[in-house]
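Here's the letter readout for the chains.
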Amino acid sequence: MSTIAKYFKLDELNTSIRTEFIAGLTTFASMAYILFVNPSVLGAAGMDKGAVFTATAVSAAVATLFMGIVALYPIAIAPGLGVNAFFAYSVVIGMGVKWQTAMAGVLVAALIFLVLTFFKVREKIINLIPQNLKLAIASGIGLFIAFIGLHDAGLIVASKDTMVSLGHLTSPTSLLAIFGIIVSFILLSRQVPAAIFIGMVLTSIVGILFGLIKLPATLVSPAPSLAPTFGASIAHLGDINSIQLVTVVITFLLVTFFDTAGTMIGLATQAGFMKNNEMPRAGRALMADAVGMTVGAVIGTSPTSAYVESSSGIAVGGRSGLTSVFTGLFFLLALFFSPLLTVVTSQVTAPALVVVGVLMANSLRQIDWDDFAIAAPAFLIVIGMPLTYSISDGIALGFILYPITMIATGRAKQVHALMYGLAILFIFFLAIVAP
């Protein structure tokens with residue numbers, strides 16, 4: 001135990017193995033839904049759902065364990081939401097590309113990621129982003145995941161007249177989520193340790209007692225085979241031979257790059273890891289993402305990304321890589337206890353997301369709102385993420401505006417050349433992904 005504590009610097013970070021275990025479990029419980037959502041989304045593209053389930057768990061475990069052991073951060077990685085929908089609905093279904101070819105595109109993007117990460121290109125880009133924009137990214141992610149939580153809870157629904165509106169608050173599932181949110185708020189207000197995790201457990205118990213959550217018929221089941229998807233990306237690398245597929249690869253690169261970069265910045269800011277506007281060991285953290293994406297592409301799943309749900313583990317005290325180690329191990333265990341995960345419904349995780357959204361919005365107070373040239377792009381980042389339902393799109397809006405407002409106020413020389421380059425890149429990015 002002393003060796004573990006020393007390696008992960010638990011005393012220095014004012015944490016313990018118990019705290020890290022609870023944080024790892026909380027993070028896992030908050031993002032376990034991806035084990036079921038990802039197979040459903042990629043299944044629409046014709047992929048074997050069982051194989052995708054296993055690929056999702058394995059890629060998440062490998063990447064998260066790498067993050068914990070090598071980068072020493074409490075940040076979990078798994079196949080990302082959004083980019084998996086782009087893979088299935090835009091590339092495979094919309095463009096008519098075979099899923100095997102699309103997976104080859106993911107592998108090419110992953111290999112490029114490995115090269116960019118090895119030469120620290122990604123790390124330099126993250127460290128050169130202005131502090132105010134990093135704070136905006138953290139706050140925007142908070143609003144984004146709170147919106148996701150409210151939607152998952154059924155409290156916010158789509159509306160033809162007003163785009164969004166209140167949902168059916170009296171439905172049993174919504175009432176369960178409301179219970180979870182209120183309990184979590186009360187526990188946090190009273191500064192109860194592990195409040196978010198306790199809130200999720202209590203919500204699950206209430207859901208089971210009232211018949212809203214079904215107990216699984218069995219607790220253990222064999223892990224589904226990877227055979228239907230394993231190696232398909234390698235076998236179809238030769239299919240990447242057209243401008244259309246090159247564009248697909250570039251889009252995978254852009255979306256995953258800035259989703260992960262934005263999420264890592266937000267989480268590092270929340271946990272207080274940032275030093276002199278830079279994220280220590282950023283290269284190692286980004287390598288974890290690149291490794292996860294490469295492994296995932298080989299065994300059969302869409303690009304991986306750092307998960308904003310990691311903030312729930314950080315919120316309950318996770319501060320070291322040991323949190324990620326526990327989270328990664330839980331993903332491996334999930335391969336054999338998949339029936340048990342059915343109790344972690346969206347109504348159970350929704351309260352955690354809403355609460356964490358409140359906590360991450362704290363970064364708003366540190367933004368220089370008195371300087372409009374900075375406030376305007378920061379605001380677009382914050383509001384853009386939930387309104388576009390995309391971390392990358394929100395970042396793009398703010399990064400495009402930032403050099404414009406700085407030039408307008410005679411501060412063009414204060415803007416790093418990289419930010420001008422990113423602004424141009426994001427203009428092309430939005431042109432590519434625009435419907």
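Parameters at a glance
- Residues numbered from 1 in each chain as written.
- Predicted model: local features only at pLDDT ≥ 70, side-chain atom pairs only at ≥ 80, totals over all residues.
- Heavy atoms only, no water.
- UniProt positions renumbered as here; feature names shortened; annotations may be inferred.
- Core = buried A, V, L, I, M, F, W, Y, C linked by side-chain atoms within 4.5 Å.
- Buried < 20%, exposed > 50% of the residue type's maximum accessible area, 1.4 Å probe, protein only.
- Helix = DSSP H or I, 4+ residues; strand = E, 2+ residues; numbered from the N terminus.
- Contact = heavy atoms within 4.5 Å.

Looking up the protein in an unreviewed UniProt entry gives the name NCS2 family permease, with the organism given as Leuconostoc holzapfelii. Under the UniProt heading Sequence similarities (unreviewed entry), the entry covering the protein gives this text: "Belongs to the nucleobase:cation symporter-2 (NCS2) (TC 2.A.40) family. Azg-like subfamily." Under the Subcellular location (unreviewed entry) heading, UniProt states for the protein: "Cell membrane".

General note: in soluble globular proteins, nonpolar side chains tend to be found buried as a group. In this structure, Met67, Phe87, Phe252, Met279, Phe399 and Phe426 are the most contacted members of the largest nonpolar core, which totals 103 residues. The element best represented in this core is helix H12 (residues 243-271), accounting for 15 residues. Core analysis: the second largest hydrophobic core is formed by 27 residues, Phe28, Tyr33, Ala57 and Leu335 among them.

With that settled, consider the environment of Thr345. Inspection of the secondary structure assignment puts Thr345 in the loop between helix H15 (321-334) and helix H16 (346-360). A relative accessible area of 18% places Thr345 in the buried class. For the pair Thr345 and Ile213, spaced 132 residues apart in sequence, the C-alpha separation works out to 7.6 Å.

Here Thr269 is to be found in helix H12. Thr269 gets classed as buried once you look at its relative accessible area, which sits at 19%. Apart from the residues within four sequence positions on either side, Thr269 is in contact with Leu135, Ala138, Met274 and Ser363.

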